[in-house]
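# Residue-level structure breakdown
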Amino acid sequence: MPTVGPLARPYPISDVVVADNSVFAASRDRMLHLARTYPVDRLLAVFRINAGLDTHGAQPPGNWEDYGHPNEQPWSESDYPGREKAQTANLLRGHYAGHFLSMLSMAYASTGEQELRAKVSEFVEGLGQVQSALAATGRYSHPGFLAAYGEWQFSRLEGYAPYGEIWAPYYTTHKIMAGLLDAYELAGNLQALRIVTAMGKWVHARLSRLDPAQIQKMWSLYIAGEYGGMNETLARLAVAAQDEEFLATAQFFDQENLLEAGSSGTDILDGMHANQHLPQLVGYVHEYELTGQRRYLDAAAGIFDSIVPGRMYAHGGTGESELWGPADTVAGDIGNRNAETCAAYNLLKIARLLFAHTLDPKYMNYAERTVLNQILGSRKAEDSDVSPEVTYMFPVHPGAKREFNNIGTCCGGTGLENHVKYGEGLFHRAPGQLWINHLFPAALNRAGADESAVLNVAVQGQYPLHGSVQIHFDAPAGGADSEDLTVHVRIPEAVGGPVQVSVNGAVVEESARAGEYLSLQRRWHDGDDISVQMPLTLRSVSTIDDPSVHSLELGPTVLLARSEETTQVRLPLAGNRLLDGSLRTEAPASDLLAQLDAQGTITYAGMTWEPAYSGQDTRYHMYVRQADATIAFAGTDTGVPNRMRPAGVTVLDSIWEPGVFVDRQALLAQVATVVGQARTEGVLGRDEAERVLIAAAQADVDGTGTPRRARVRPEPGAGDAITWQTGEQDSDTVWLLPAGWARIQAPPVVTVEVEQEAAPSGWYTTTPTVVVRAVHLDAQDGREGPGEEGLNIEVQIDDGDWQSYTGPFTLDQEGAHQVRARVSDGQGRQNRDERELSIDTEPPESAVKVRELGSSVEVTFTATDEVSGVERIQWEGPGTFWGTFSEAFVRTLNDTEQVLEYAATDRAGNIEPRRRVVLPALGEQTTKD
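Each value, and the rule that gives it
Residues numbered from 1 in each chain as written. Predicted model: local features only at pLDDT ≥ 70, side-chain atom pairs only at ≥ 80, totals over all residues. Heavy atoms only, no water. Helix = DSSP H or I, 4+ residues; strand = E, 2+ residues; numbered from the N terminus. Rg over C-alpha atoms; globule rule 2.2 N^0.38 Å. Buried < 20%, exposed > 50% of the residue type's maximum accessible area, 1.4 Å probe, protein only. Contact = heavy atoms within 4.5 Å. Areas by Shrake-Rupley, 256 points an atom, 1.4 Å probe, with all protein chains shown as cover. Lys, Arg positive; Asp, Glu negative; His and termini not counted. Charge placed at Lys NZ, Arg CZ, Asp CG, Glu CD. Pairing = 2+ DSSP bridges. Axes fitted to C-alpha atoms, helices over the stretch in contact; angles between N-to-C directions. Parallel < 35°, antiparallel > 145°, perpendicular 65-115°, else oblique. Left-handed = near helix turned anticlockwise from the far one by under 90°. Phe/Tyr/Trp six-rings, centres within 6.5 Å; stacked < 30°, edge-to-face > 60°. Lys NZ or Arg CZ within 6 Å of the ring centre and 35° of its normal. Nonpolar A, V, L, I, M, F, W, Y, C, P; charged D, E, K, R; others polar. Disulfide = S-S within 2.5 Å. Expected span 1.5 Å × (residues − 1). Core = buried A, V, L, I, M, F, W, Y, C linked by side-chain atoms within 4.5 Å. Polar contact = N/O pair within 3.5 Å; in protein donor to acceptor, adjacent residues only side chain to side chain. Salt bridge = Lys/Arg side-chain N within 4 Å of Asp/Glu carboxyl O.

Before going further, it helps to examine the overall build of the protein. When helices and strands are counted, the protein shows 20 helices and 39 strands. In terms of overall size, the protein behaves like a compact globule, its C-alpha atoms giving a radius of gyration of 32 Å where 929 residues would be expected to give roughly 30 Å. If you line up the protein on its principal axes, its C-alpha atoms span 100 × 85 × 55 Å. The burial tally for the protein puts 58% of its 929 residues in the buried class. Put simply, 66% of the contacts in the protein that link residues at least 6 apart link residues at least 24 apart. Summed over all atoms, the accessible surface of the protein reaches about 36000 Å², with 46% contributed by carbon and sulfur. For the protein, the separation between the mean place of its 73 positive charges and that of its 124 negative charges on side chains is 0 Å.

Written as structure tokens, this is what we have:
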């Protein structure tokens with residue numbers, strides 16, 4: 001049935017074994033443990049009660065995947081009583097069970113364990129019984145209907161019901177159908193194919209009767225019209241069931257405005273719900289394969305390019321509060337709920353599909369970043385018999401914490417799958433060709449999917465914790481021992497220098513470029529080896545929209561700085577940068593990698609750093625602000641303040657604006673230009689400028705360890721620019737200063753200071769006092785405020801008016817504020833400085849809600865803080881300790897009153913006074929505050 005095949009096909013996870021020494025192995029094993037231990041009856045419970053079947057005493061998983069309202073019925077489209085009379089809850093139930101069925105099927109495929117296959121069969125059989133029971137009622141529009149609620153949500157969607165009355169009914173349908181298709185394709189369950197085929201017929205019957213304009217309006221509805229990857233699943237079903245009608249059904253889910261925008265390269269994503277639309281792109285690639293219509297593939301590629309890298313955070317995630325922000329905005333779109341894990345799950349799917357059709361390495365570069373950092377980092381480093389222990393959001397704001405668990409949520413569902421399919425996308429194949437996409441340790445059984453293959457492959461080593469990788473070829477016993485094959489090895493994008501590749505010890509002459517594939521064509525024999533030696537360095541990488549906001553990355557691993565601060569951490573990064581953009585470290589990067597392997601953390605710039613994949617629940621900073629107080633080169637400090645230039649950027653940031661330099665001479669040319677400008681601007685005094693020049697020439701910026709000397713020499717005939725020449729020895733540099741260097745009449749400089757120390761959170765929890773100082777650098781006659789020379793100092797708060805500075809002042813405005821100062825002399829020459837202050841002096845306010853439940857009460861605590869935000873609510877009562885509140889709880893009433901105390905803490909560190917609520921004695925009707 002497919003009309004367009006991919007250029008390369010992935011090897012299935014059943015043919016790939018992720019090595020036990022891989023960084024992925026622990027999370028894989030933890031999720032496999034859940035697959036083996038979690039009862040199928042619990043997953044079927046919501047379906048069985050909806051169909052009037054025995055639940056066998058099982059309770060559903062909980063959270064979103066829980067029983068509906070006690071008064072809810074499995075209404076059809078004709079007997080739904082209306083929103084005013086219908087009492088409903090948990091309207092997405094069934095979706096998590098669908099994911100769990102996919103996870104079980106993937107777990108079986110990757111392990112071959114028959115016990116897991118038996119659980120798949122048990123699960124499918126239970127769903128089949130539910131489908132038959134629902135059909136027997138005659139209540140629904142088609143016997144293929146299968147859900148954990150009635151059909152009414154679908155008919156209400158056709159009437160444009162909003163999110164709140166309904167909750168993405170086709171999203172849930174997709175998860176159930178996808179689980180059944182996975183059970184068929186990965187575990188060979190034929191009943192699953194029969195059930196999902198009947199569901200597909202039901203979907204077709206519902207949508208084929210609707211007007212196309214009505215369908216388009218349905219899919220445009222926020223969340224209510226969210227349908228997951230229905231087009232993907234129906235396209236897959238068309239192939240599995242050999243029924244072209246399902247392709248037409250898949251196309252009912254085409255969202256025309258998204259297709260048009262993506263295929264034409266028009267960016268319409270700002271403000272759109274990221275994970276409502278990402279799964280559609282997966283379906284578009286499948287529709288391209290079945291129709292040959294190029295617009296489907298172009299739409300997926302175009303929208304991917306609108307996200308990566310312009311809306312991508314360092315760990316590969318996207319979106320703020322589930323929505324996309326403006327194009328090419330990362331630092332400017334850091335809120336408190338970034339990077340929904342579902343979005344990364346779907347972006348990975350899209351990237352791998354697009355690679356298969358284009359062979360463009362950029363898609364695998366993205367896949368490596370995301371699977372290693374966000375996906376692996378989304379699983380808590382802890383076993384559980386009941387919870388996937390995964391993240392919903394993997395936030396990137398200052399002082400963030402991952403909140404694991406997420407039983408029954410959308411990301412809990414995709415998280416079930418993420419960690420049992422780490423073999424996915426590691427290898428691709430085409431006749432006579434093999435793509436090794438990632439160098440993570442794994443073994444590939446090529447004959448499992450490709451009968452013409454002869455040699456198996458094992459990627460050995462400890463990448464990403466080591467830069468040395470061996471790719472070993474092995475002939476199965478009794479098979480041929482050689483074959484002609486072109487092997488394409490992707491060199492990771494994150495390598496920090498020249499890569500050496502050798503075959504059986506002989507160095508390959510072809511250049512191996514970071515982020516690209518190296519192709520090796522020859523006849524390969526049993527026992528052959530490819531060796532890849534890659535330097536992995538520590539780098540700071542600036543965001544696309546703010547050159548001062550950086551992530552730190554050790555090789556491909558994004559690092560998180562552990563800190564209790566909740567304002568942005570400021571670190572001296574530029575002064576430690578080397579020519580290639582890497583950071584100078586006291587120990588070689590290989591030692592840092594060994595430390596990361598042995599201890600799980602490294603130390604840099606006085607802070608402890610953990611990998612994004614750590615699975616810890618520590619408070620962290622994924623981004624830090626590059627803020628060098630003084631000018632330094634390769635760790636050699638000049639002691640000269642790194643002042644802000646009139647253009648709003650510091651001297652050192654100006655020097656490193658290019659990011660990397662091809663050689664030392666290129667850096668010196670940049671230093672000469674910037675220092676000359678800064679001297680004229682008055683940002684650097686004469687002595688300071690000369691110290692910066694000398695330090696730049698002496699610094700070991702190329703990491704060779706070669707001692708260098710430098711000096712300055714006035715050169716009246718040198719013109720207006722700084723130049724340099726080599727001294728008597730090649731390691732000497734003589735700076736030639738321009739005519740009039742000593743006579744430059746520069747403006748004064750100004751600095752903004754704060755008298756008080758910030759709290760450990762980085763916030764000022766008492767009102768800060770701001771002091772502005774101005775000084776003529778060459779005269780060294782510092783002034784506070786207007787002085788004898790008539791210095792005029794002004795200050796500005798945020799975007800307010802400029803005001804004359806008359807002396808220290810308090811800033812009593814809550815929130816984050818920019819304090820700017822500028823100074824001018826009698827000749828009108830100016831300079832400026834600025835500083836950000838985050839101020840929160842008031843504690844949060846908490847409240848309690850007590851709901852009576854007969855002989856018990858349900859207690860819920862809430863809190864608000866409009867400035868820094870609520871960090872936690874704590875409480876205690878009789879028989880409990882002072883602990884953190886996480887969700888509503890039930891307290892049994894007894895013969896005496898019970899006093900509960902509670903208080904909230906904000907992210908700045910302010911704690912409100914304890915409040916109290918009195919629970920009544922048994923039989924009393926009201927509670928007392």
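Pairing is mixed in the open sheet, where 5 strands are placed in the order E1-E3-E4-E8-E11. Among the strands making up the open sheet, the edge pair consists of strand E1 (9–10) and strand E11 (517–525). Summarising the sheet, strand E8 (residues 482–490) and E11 pair through 9 bridges and their orientation is antiparallel. Looking at E11, one finds that valine 489 is bridged to leucine 518.

Here we come to the environment of isoleucine 797. Looking at the element boundaries, isoleucine 797 is found in strand E28 (residues 792–797). Along the sequence, isoleucine 797 and alanine 235 sit 562 residues apart, while their C-alpha atoms lie 57 Å from each other. The contact partners of isoleucine 797, leaving out residues within four places of it in the chain, are Phe809, Leu811, Gln813, Gln818 and Val819.

Another aspect to go through is the packing of helix H1 (residues 25–37) against helix H3 (residues 95–111). Running from amino to carboxyl end, H1 crosses H3 at an angle of 115°, the nearest separation of the two axes being 10 Å. By the criterion of interaxial angle, the relationship of H1 to H3 is roughly perpendicular. Relative to H3, H1 is oriented so that their crossing is left-handed. Across from Met31, Leu32, Leu34 and Ala35 in H1, the residues of H3 making contact are Phe100, Met103, Leu104, Ala107 and Thr111.

For any two aromatic rings, the description comes down to two numbers: the centre-to-centre distance and the angle of the planes. Per the counting criterion, the structure on display carries 36 aromatic pairs. Look at tyrosine 227 and phenylalanine 253: their rings are 4.9 Å apart centre to centre, the planes differ by 65°, and that puts the pair in the edge-to-face class. Of this pair, tyrosine 227 sits in the loop between helix H8 (212–220) and helix H9 (230–240) while phenylalanine 253 sits in the loop between helix H10 (245–251) and helix H11 (256–264), and the two are 26 residues apart along the sequence. Seen in terms of ring centroids, phenylalanine 394 and tyrosine 620 are 6.1 Å apart; in terms of plane orientation they differ by 75°. Their pairing is edge-to-face. One end of the pair, phenylalanine 394, is in the loop between helix H15 (361–377) and helix H16 (410–418); the other, tyrosine 620, is in strand E19 (residues 620–621), with 226 residues separating them in the sequence. Classification of tyrosine 620 as buried rests on a relative accessible area of 0%. Among the aromatic residues, those joined into a ring-pair cluster are Tyr140, Phe145, Tyr149, Phe154, Tyr170, Trp202, Trp219, Tyr227 and Phe253. The side chain of lysine 175 reaches across the aromatic face of tyrosine 171, ending 4.6 Å from its centre.

Looking now at the packing of helix H12 (residues 274–291) against helix H14 (residues 341–358). The geometry of H12 relative to H14 is characterised by a closest axis approach of 9 Å and an angle of 20° between their N-to-C directions. Of the possible angle classes, the one that applies to H12 and H14 is roughly parallel. Relative to H14, H12 is oriented so that their crossing is left-handed. Contacts between H12 and H14 pair Asn275, Leu278, Pro279, Leu281, Val282, Val285, His286, Tyr288 and Glu289 from the former with Cys342, Ala343, Asn346, Leu347, Lys349, Ile350, Leu353, Leu354 and His357 from the latter. Classifying every residue of the contact of H12 with H14 by side-chain character gives 12 nonpolar, 4 polar and 2 charged.

Here we take up the sheet that holds strand E26 (residues 749–754). On the basis of which strands lie adjacent, the open sheet formed by 3 strands has the order E26-E27-E30 and antiparallel pairing. Strands with a single pairing partner mark the edges of an open sheet, and in this sheet they are E26 and strand E30 (809–810). Bridge count between strand E27 (residues 769–775) and E30: 2 bridges; the pairing is antiparallel. The residue bridging threonine 769 from the neighbouring strand is threonine 810, located in E30.

Bringing the environment of leucine 376 into the picture now. If you trace the backbone, leucine 376 turns up in helix H15. Leucine 376 gets classed as buried once you look at its relative accessible area, which sits at 1%. C-alpha separation for the pair leucine 376 and glycine 68, spaced 308 residues apart in sequence, amounts to 33 Å. Sequence-distant contacts of leucine 376, defined by excluding residues within four places in its chain, comprise Val23, Phe24, Ser27, Val371, His419, Tyr422 and Tyr613.

On to unusual backbone geometry, then. For the peptide bond that leads from valine 308 to proline 309, omega is 5°, which places it in the cis range. Structurally, proline 309 can be placed in the loop between helix H13 (294–307) and H14. Cis peptide bonds are those with omega within 30 degrees of zero, and the linkage from tyrosine 463 to proline 464 qualifies with 15°. With respect to the element layout, proline 464 can be found in the loop between strand E6 (456–461) and strand E7 (468–474). The phi dihedral of asparagine 63 falls on the positive side, at around 60°, and the residue is not glycine. Following the sequence through the fold, asparagine 63 ends up in the loop between helix H2 (40–50) and H3. You can call asparagine 63 partly exposed: its relative accessible area is 44%. Residue aspartate 798 is not a glycine yet carries a positive backbone phi of 55°. With respect to the element layout, aspartate 798 can be found in the loop between E28 and strand E29 (803–804). According to the relative accessible area criterion, aspartate 798 is partly exposed, its value standing at 24%.

This paragraph deals with the pairing of E28. For E28, a buried count of 5 out of 6 residues is recorded, marking the element as mostly surrounded by other parts of the structure. Judged from the 6 bridges that link them, E28 and strand E31 (residues 815–824) form a sheet pairing that is antiparallel. Note that in E31 the partner of glutamine 796 across the bridge is arginine 820. Alignment of E28 against E29, held across 2 bridges, turns out to be antiparallel. Paired with glutamate 794 across the two strands is serine 804, which belongs to E29. The turn linking E28 back onto E29 is made up of 5 residues, and aspartate 798 within it adopts a positive phi angle of 55°.

On to the state of the cysteines, then. A full pass over the atoms with the stated rule returns 0 disulfides. Cysteine 342 supplies the cysteine sulfur nearest to cysteine 410, a cysteine that is in no disulfide, at a spacing of 3.9 Å. For the unlinked cysteine cysteine 411, the closest cysteine sulfur is that of cysteine 342, found at 3.4 Å. Taking the relative accessible area as the measure of exposure, cysteine 411 reaches 0% and is therefore buried.

A few words on helix H20 (residues 686–698). Here H20 is 13 residues long and its end C-alpha atoms lie 19 Å apart, about the 18 Å a rise of 1.5 Å per residue gives. All buried positions along H20 are accounted for by Glu688, Ala689, Glu690, Val692, Leu693, Ala695, Ala696 and Ala697.

The next subject is the nonpolar core. If you look at the biggest cluster of nonpolar residues, it comprises 196 residues, and the most contacted ones within it are Leu180 and Ile530. Every residue in contact with leucine 180, bar those within four places of it in the chain, is listed here: Leu101, Val124, Leu127, Leu146, Ala192, Ile195, Val196 and Met199. Phe633, Ile655, Leu668 and Ala699 belong to the second largest nonpolar core, which has 34 residues in total.

Before going further, it helps to examine the side chain of threonine 566. By the element assignment, threonine 566 lies in the loop between strand E15 (557–562) and strand E16 (570–571). Here tryptophan 763 takes part through its side chain, which lies 3.0 Å from a polar atom of the side chain of threonine 566. Ignoring any residue separated from it by four or fewer positions in sequence, one finds threonine 566 in contact with Pro398, Gly399, Arg619, Ser761, Trp763, Arg907 and Ala908.

Let us now look at the pattern of salt bridges. On inspection of all chains with the given rule, the structure shows 50 salt bridges. Here aspartate 702 ties to arginine 708 by a salt bridge, and the two come within 2.9 Å at their closest N and O atoms. For aspartate 702, a relative accessible area of 30% corresponds to the partly exposed category. Taking the relative accessible area as the measure of exposure, arginine 708 reaches 16% and is therefore buried. Linking glutamate 901 and arginine 914 is a salt bridge whose minimum nitrogen-to-oxygen distance equals 2.9 Å. Of this pair, glutamate 901 sits in strand E38 (residues 898–906) while arginine 914 sits in the loop between E38 and strand E39 (915–919), and the two are 13 residues apart along the sequence. Glutamate 901 gets classed as partly exposed once you look at its relative accessible area, which sits at 26%. Linked by salt bridges that have partners in common, Glu77, Glu151, Glu158, Arg206 and Arg209 make up one network.

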